[in-house]
Amino acid sequence: MSTIELSASPGDLRSLAEQSNAWPFEQAKAIVARLKKKPKDEVLFETGYGPSGLPHIGTFGEVARTTMVRHAFRVLTEDKIKTRLIAFSDDMDGLRKVPDNVPNKELLEKHLGQPLTTVPDPFGTHPSFGAHNNARLRAFLDTFGFDYEFASSTDYYKSGKFDAALMRMLERLDKVMAIMLPSLREERAASYSPFLPICPRTGQVLYVPIVAHDAKAGTVSYDDPETNERVTLPVTGGHCKLQWKPDWAMRWYALGVDYEMAGKDLIDSVKLSGKICAALGGTPPEGFNYELFLDEQGQKISKSKGNGLTIDEWLRYASPESLSLFMYREPKAAKRLYFDVIPRNVDDYQQFLEAFPRQDARQQLGNPVWHIHSGHPPKADMPVTFQLLLTLVSSSNAENAETLWGFIGRYRPGVTPQTHPKLDAMVGYAINYYRDFVAPTKKFREPTESERAALQDLRDALSNLPASASAEDIQNVVYEIGRREPFLDLVKKGKDGRPGVSLEWFNMLYQVLLGQEKGPRFGSFVAVYGIANAVAMIDGALARSQGGPR
């Protein structure tokens, strides 16, 4: 249970939050300042979703981060102001191309250009393709327990919820055009209109010049590109929709959105939409532009390219909490989103969780787990690290949970899959990760003559330890054996004032014994793996290396 929950009143908690520089509080403070200028009874947070594809890891990141800011705001205001989070689906957008990952592609090809909510569902499970993807979004968000309200662009346009804002857009069309035209190429500017009619004949979203508009009547007119017939439609009631930047601005204005974040690639779009919102008489929301994720090569992750990591892939190898930690960290810094970042985030999450009860209230507000769990982080109870599990799998070639639990049970008597279900899940994650990423890249390094001598000495020293030796005792032996050339660290001294031991000694152990670059604390690994098993491993490494065993 949270220490803050027990010891701090809402007022005390607010005072600490006001002094905190954790980024969710910094964002929430901007909303508090906004309310001082223009008080409201309710604050609206929004995230957007394009339902032409399935929810992805960026969708999770945006909702998770916005939820953190929302909770920080509730703390700063002592929960005296109502808050809502809307997950808005742009499902009235026209289908521009047939996705590669759907069945019955020929069915979709007949409906290109139509709003996603009128395109048939190629999966055959929902009334439309838009409805199918919206359902996937809701199921996706529900899996993580997010508190949100779903909103459909189609519903809002057709029900009349946007009618007043659309009429305002039509009345101030000249101001909107003056904002948009300088941002467009000359060719596009010549025929641009914020309003996109929905063709009564084909049902398609039309990108056509608007040849006339009547603000009083609330209509726009265009020439049908196929029949050349002049068509006049009301801008209300779902007969038209807006191009996306004016649409974003109109939504902010119509709903009174107070906070929405967006990717760095949308900085210019946020600025333009903010100007349009102001031209309509609204106040653009607070928010920030988060950095984009990069793949293994440092390239921007793209849904169309399929590079980087998907949400399902992350959750095959690690918990949702570890992904939340990744999203919490440095949202304004570009980060590689690839498989090799997973182990660190899994173990760092556990370290933050273990540190939480030892921290004072001020430190707790800066701990990521406080924000990940909305002020109620669970009790830490993870006897082994993810990196240690990975090394156990690697050392024993164990690709089944029973073998790993055998090691764990000997190391921590009484710890079972039933008593520690989260650890049981992590065992499964470790096996998956080893099978997919560690095993294919295992490459044992040949030891040098001096390294062989050190390994032999380590083997003999470990053999002299009792089977029940603690991880700390084992680590001390490993450290002492490594205190030799070429592993001496003349800069970093040991506790006794003698030269320390460089990381190269420990890296060598993993490279030669396990065929991997790095690993957990070696003493902890041997304690779990067993001293006899570790001695046998060293014997095997010496036997397969050049020259064979001495």
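Residues numbered from 1 in each chain as written. Predicted model: local features only at pLDDT ≥ 70, side-chain atom pairs only at ≥ 80, totals over all residues. Heavy atoms only, no water.

K.L.:
Help me understand the side chain of D348, please; the structure alone is not making it clear to me.
P.N.:
For D348, the location among the structural elements is in helix α15 (residues 342-355). Engagement of the side chain of D348 in a polar contact is seen with the side chain of R329, the distance being 2.6 Å. Residues within four places of D348 in sequence aside, it is in contact with L325 and R329. (Helix = DSSP H or I, 4+ residues; strand = E, 2+ residues; numbered from the N terminus. Polar contact = N/O pair within 3.5 Å; in protein donor to acceptor, adjacent residues only side chain to side chain. Contact = heavy atoms within 4.5 Å.)

K.L.:
How should the sheet that holds strand β1 (residues 42-49) be read in this particular structure?
P.N.:
Adjacent strands of a sheet form backbone hydrogen bonds with each other and so pair up, either parallel or antiparallel. The three strands lie next to each other as β1-β2-β3, forming an open sheet whose pairing is parallel. Pairing within the sheet leaves two strands with one partner each, and these edge strands are β1 and β3 (149-152). The sheet shows a mean angle of 30° between the axes of neighbouring strands, taken without regard to direction. Across the sheet, helix α4 (residues 57-76) is in contact with β1 and β2 (82-89); its angle to β1 comes to roughly 170°. (Pairing = 2+ DSSP bridges. Axes fitted to C-alpha atoms, helices over the stretch in contact; angles between N-to-C directions.)

K.L.:
Where do I start with the sheet that holds strand β6 (residues 219-223) in this structure?
P.N.:
Strand order across the open sheet formed by three strands is β5-β6-β7, with antiparallel pairing between neighbours. Every other strand in the sheet has two partners, leaving β5 (212-214) and β7 (230-234) as the edge strands with one partner each. Adjacent strand axes in the sheet meet at a mean angle of 20°, parallel and antiparallel pairs treated alike.

K.L.:
Explain helix α8 (residues 163-171) to me, please; I cannot follow it from the model alone.
P.N.:
All of the buried residues along α8 are A165, L166, M169 and L170. One face of α8 carries all of its buried residues, which in axial projection span an arc of 145°. Structural note: α8 exposes A164 and E171 on the side pointing more than 90 degrees away from its buried face. (Buried < 20%, exposed > 50% of the residue type's maximum accessible area, 1.4 Å probe, protein only. Arc of directions from axis to C-beta.)

K.L.:
I would appreciate a short explanation of the pattern of salt bridges in the present structure.
P.N.:
Within this structure, the stated rule accounts for 33 salt bridges. A salt bridge links E26 to K29, with the nearest nitrogen and oxygen atoms 3.3 Å apart. A residue pair is termed a helical-turn pair when its members lie 3 or 4 positions apart in one helix, as E26 and K29 do in helix α3 (residues 23-37) at three residues. Judged by relative accessible area, K29 falls into the partly exposed class, the value being 23%. One salt bridge connects D247 with R251, and the closest N-O pair in it is separated by 3.3 Å. (Salt bridge = Lys/Arg side-chain N within 4 Å of Asp/Glu carboxyl O.)

K.L.:
What should I look at first to understand the packing of aromatic side chains in this one?
P.N.:
The description of an aromatic ring pair rests on the distance of the ring centres and on the angle between the ring planes. Per the stated rule, a full pass over the model turns up 29 aromatic pairs. Pairing F60 with F144 gives two aromatic rings, centres 4.7 Å apart and planes at 65°, and the pair type is edge-to-face. Linking F60 in helix α4 with F144 in the loop between α6 (129-143) and β3, this pair joins segments that are 84 residues apart in sequence. With a centroid separation of 5.7 Å and 40° between ring planes, the pair formed by F293 and F326 is classed as tilted. Pair noted here: F293 is in strand β11 (residues 293-294) and F326 is in helix α14 (residues 320-328), with a separation of 33 residues, a long-range link. Here F293 matches F326 in class, with each residue buried. Here the aromatic cluster, defined as three or more aromatic residues joined through ring pairs, consists of Y317, Y338, F339, F386, Y433 and F437. Looking at R65, its charged tip hangs above the ring of Y290, at a distance of 5.4 Å from the centre. (Phe/Tyr/Trp six-rings, centres within 6.5 Å; stacked < 30°, edge-to-face > 60°. Lys NZ or Arg CZ within 6 Å of the ring centre and 35° of its normal.)

K.L.:
I'm lost on helix α22 (residues 471-481) in this one. Help?
P.N.:
The complete set of buried residues in α22 reads A471, I474, Q475, V477, V478 and I481. Buried residues of α22, viewed axially, fall in a sector of 160°; they line one side. Buried residues belonging to α22 abut α21 (449-463), α23 (503-513), α24 (522-529) and α25 (531-544).

K.L.:
Looking at this model, I keep getting lost on the nonpolar core. Mind explaining?
P.N.:
Generally speaking, soluble globular proteins have nonpolar side chains that are buried together. W505, L509 and F522 are the most contacted members of the largest nonpolar core, which totals 116 residues. Of the residues forming this core, the biggest block, 10 residues, is contributed by α4. Look past the residues within four positions of W505 in its chain and what remains in contact with it is A454, L458, V478, I481, G482 and F487. With 38 residues, the next largest nonpolar core counts L173, Y192, L196 and A279 among its residues. (Core = buried A, V, L, I, M, F, W, Y, C linked by side-chain atoms within 4.5 Å.)

K.L.:
Got a minute to help me understand the pairing of strand β13 (residues 488-493) in this structure?
P.N.:
On a regular strand, each side chain points to the face opposite its neighbour's, so the side chains alternate between the two faces of the sheet. Judged by how many residues are buried, β13 sits mostly at the surface: zero of six residues are covered. As defined by bridge partners, β13 adjoins strand β14 (residues 499-501) across three bridges and the pair is classed as antiparallel. Paired with D489 across the strands is G500, a residue of β14. Hairpin connection between β13 and β14: a loop of five residues separates the two successive antiparallel strands, and G497 in this loop has a positive phi of roughly 85°.

K.L.:
Help me understand unusual backbone geometry, please; the structure alone is not making it clear to me.
P.N.:
Keep in mind that most residues, glycine aside, have a negative phi and that most peptide bonds are trans. Along the chain, E485 connects to P486 via a cis peptide bond; the corresponding omega equals 5°. Located in the positive-phi region is N104, a residue other than glycine, with phi close to 50°. One non-glycine residue, S374, adopts positive backbone phi at about 50°. Take S374: it is sitting in the loop between α17 (368-372) and α18 (386-396). Classification of S374 by relative accessible area gives partly exposed; the value is 27%.

K.L.:
What is the right way to look at the environment of T448 in this model?
P.N.:
Assignment of secondary structure puts T448 in the loop between α20 (421-438) and α21. For the pair T448 and E472, spaced 24 residues apart in the sequence, the C-alpha separation amounts to 28 Å.

K.L.:
Just to check I follow, could you spell out the environment of T441 for this structure?
P.N.:
Of note, T441 is situated in the loop between α20 and α21. By relative accessible area, which is 57% here, T441 ends up exposed. For T441 and G515, which are 74 residues apart along the polypeptide, the C-alpha to C-alpha distance reads 8.2 Å.

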